[in-house]
Amino acid sequence: MADVNYYSVVESTHDVQNPTSEEKLRLVADYLEVSPGDRVLDVGSGRGWWNVELAARGADVTGLEINEDFAAAAVQRAEQAGAAVRTVVGPAAEFEPEAGAYDVVTCIGASFALDGYRPALGWMCGAVRDGGRIAIGEVHLDDGEPDEEVPSLVELVHIAEEHGVDVTGLVSASVDDWDRYESGRWANAHRWARDNPDHAQRQEILAQARANQSAYLTRTRGLLGWSILVGVVGGPNR
Ligand SMILES: C[S@@+](CC[C@H](N)C(=O)[O-])C[C@H]1O[C@@H](n2cnc3c(N)ncnc32)[C@H](O)[C@@H]1O
């Protein structure tokens, strides 16, 4: 009986592995002005929907992904689409991007892969050319109590500005978006448990899914927001 990864189970059917939607991600791509020939680097590329969307706009895309199940799904998706996407499997922090080599760098819900929002921005701004664009998706305070651990949306913008980024676009998840993302995870966990009644990790996966559901309902839903900031790095206005 092969071991399974919790995230591989609960996000086994997700195309969008963040609390927004395909429509909102297309808007992010519009804001990024992704154009034919653009070199794009994406951190934490998941099952590859976003990378194929960018490649469909003519970009040459490199995705960095640590989860082998997700990376395999991304490779298969790109092959089926005939898309110019290369998926590099491993920790994003071990990938050493050539400085200033990319027109666009994105990190949608994976800043933790680069030690958090501030270091991720530094890494991304180092990889993008002067006047290039970035998009970074991150959790932030919404209507919840101030929390030293979680920045507000305006703090996210100010930290981006400290890195020489002019924020030019904002796309935020609604509660409905976030509920859809979480619902997919809950349904996948229960479907997997139903289909694998004798798996050694069945109780562990169910327990983690229930704990995460409770955490979402008590400490996240309606209290935290989730937004993608789009910005220009350096360029003539800086
Ligand atoms: C919240 S998901 C977002 C996936 C995708 N960007 C999207 O929005 O649909 C975070 C992704 O980052 C990946 N990840 C986590 N740690 C990583 C690391 N150290 N290096 C590369 N990818 C990582 C996870 O496996 C997962 O696919």
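Each value, and the rule that gives it
- Residues numbered from 1 in each chain as written.
- Predicted model: local features only at pLDDT ≥ 70, side-chain atom pairs only at ≥ 80, totals over all residues.
- Heavy atoms only, no water.
- Axes fitted to C-alpha atoms, helices over the stretch in contact; angles between N-to-C directions.
- Helix = DSSP H or I, 4+ residues; strand = E, 2+ residues; numbered from the N terminus.
- Parallel < 35°, antiparallel > 145°, perpendicular 65-115°, else oblique.
- Left-handed = near helix turned anticlockwise from the far one by under 90°.
- Contact = heavy atoms within 4.5 Å.
- Nonpolar A, V, L, I, M, F, W, Y, C, P; charged D, E, K, R; others polar.
- Expected span 1.5 Å × (residues − 1).
- Buried < 20%, exposed > 50% of the residue type's maximum accessible area, 1.4 Å probe, protein only.
- UniProt positions renumbered as here; feature names shortened; annotations may be inferred.
- Near = heavy atom within 4 Å.
- Polar contact = N/O pair within 3.5 Å; in protein donor to acceptor, adjacent residues only side chain to side chain.
- Areas by Shrake-Rupley, 256 points an atom, 1.4 Å probe, with all protein chains shown as cover.
- Pairing = 2+ DSSP bridges.
- Core = buried A, V, L, I, M, F, W, Y, C linked by side-chain atoms within 4.5 Å.

### Details of the packing of helix H2 (residues 22-32) against helix H3 (residues 49-56)
It is at 11 Å that the axes of H2 and H3 come closest, and there the two elements cross at 45°. When the interaxial angle is binned, H2 and H3 end up oblique. Relative to H3, H2 is oriented so that their crossing is right-handed. Of the residues in H3, those in contact with Glu22, Leu25, Arg26, Val28, Ala29 and Leu32 of H2 are Trp49, Trp50, Glu53 and Leu54. Partitioning the contact of H2 with H3 into residue classes produces 7 nonpolar, no polar and 3 charged.

### Describing helix H8 (residues 202-220)
The end-to-end C-alpha separation of H8 is 26 Å, in line with the 27 Å expected for 19 residues at 1.5 Å each. Residues Ile205, Leu206, Ala209, Ala215, Tyr216 and Thr220 constitute the buried set of H8. Here the buried face of H8 lies against helix H1 (6-10), helix H7 (175-195) and strand E7 (224-233). Gly222 lies just past H8 and shows a positive phi near 80°.

### Examining the UniProt feature "domain: Methyltransferase" (unreviewed entry) in the protein
Sites flagged by UniProt as "domain: Methyltransferase" (unreviewed entry) map to residues 40-132. Taken end to end, residues 40-132 is 35% helix and 29% strand, and its two terminal C-alpha atoms sit 10 Å from one another.

### Comments concerning the site of the ligand
Near the ligand there are 18 residues, and of these Gln17, Asn18, Gly44, Glu65 and Ala92 occur at the shortest range. A distance of 2.7 Å separates a nitrogen atom of the ligand from a polar atom in the backbone of Gly44. Within the side chain of Glu65, a nitrogen or oxygen atom sits 2.5 Å from an oxygen atom of the ligand. Burial of the ligand by the surrounding chains reaches 86%, relative to a free accessible area of 590 Å². Residue composition of the shell around the ligand, by class: 10 nonpolar, 7 polar and 1 charged.

### A look at the sheet that holds strand E3 (residues 85-89)
Taken in spatial order, the 7 strands of this open sheet run E3-E2-E1-E4-E5-E7-E6, and their pairing is mixed. Because the sheet does not close on itself, it has two edges, and the strands there are E3 and strand E6 (165-172). Here the strands of the sheet are splayed against their neighbours by 20° on average, with no regard to which way each runs.

### What about the nonpolar core?
Counting 31 residues, the largest nonpolar core has Val28, Leu32 and Trp50 as its most contacted members. Listing elements by their share of this core, those giving two or more residues are H2, H3, strand E4 (102-108), strand E5 (128-141), H7 and E7. At 5 residues, the largest contribution of residues to this core is made by H3. Other than its neighbours up to four places away in sequence, Trp50 contacts Leu25, Val28, Ala29, Leu32, Asp42, Thr106 and Ile108. Core analysis: the second largest hydrophobic core is formed by 28 residues, Ala101, Tyr117, Trp123 and Ile136 among them.

### Section: unusual backbone geometry
Of note, the phi angle at Glu33 is positive, near 50°, even though the residue is not glycine. Structurally, the position occupied by Glu33 is in the loop between H2 and strand E1 (39-43). With a phi angle near 75°, Asp115 is a residue other than glycine that sits in the positive phi range. Along the polypeptide, Asp115 turns up in the loop between E4 and helix H5 (117-127).

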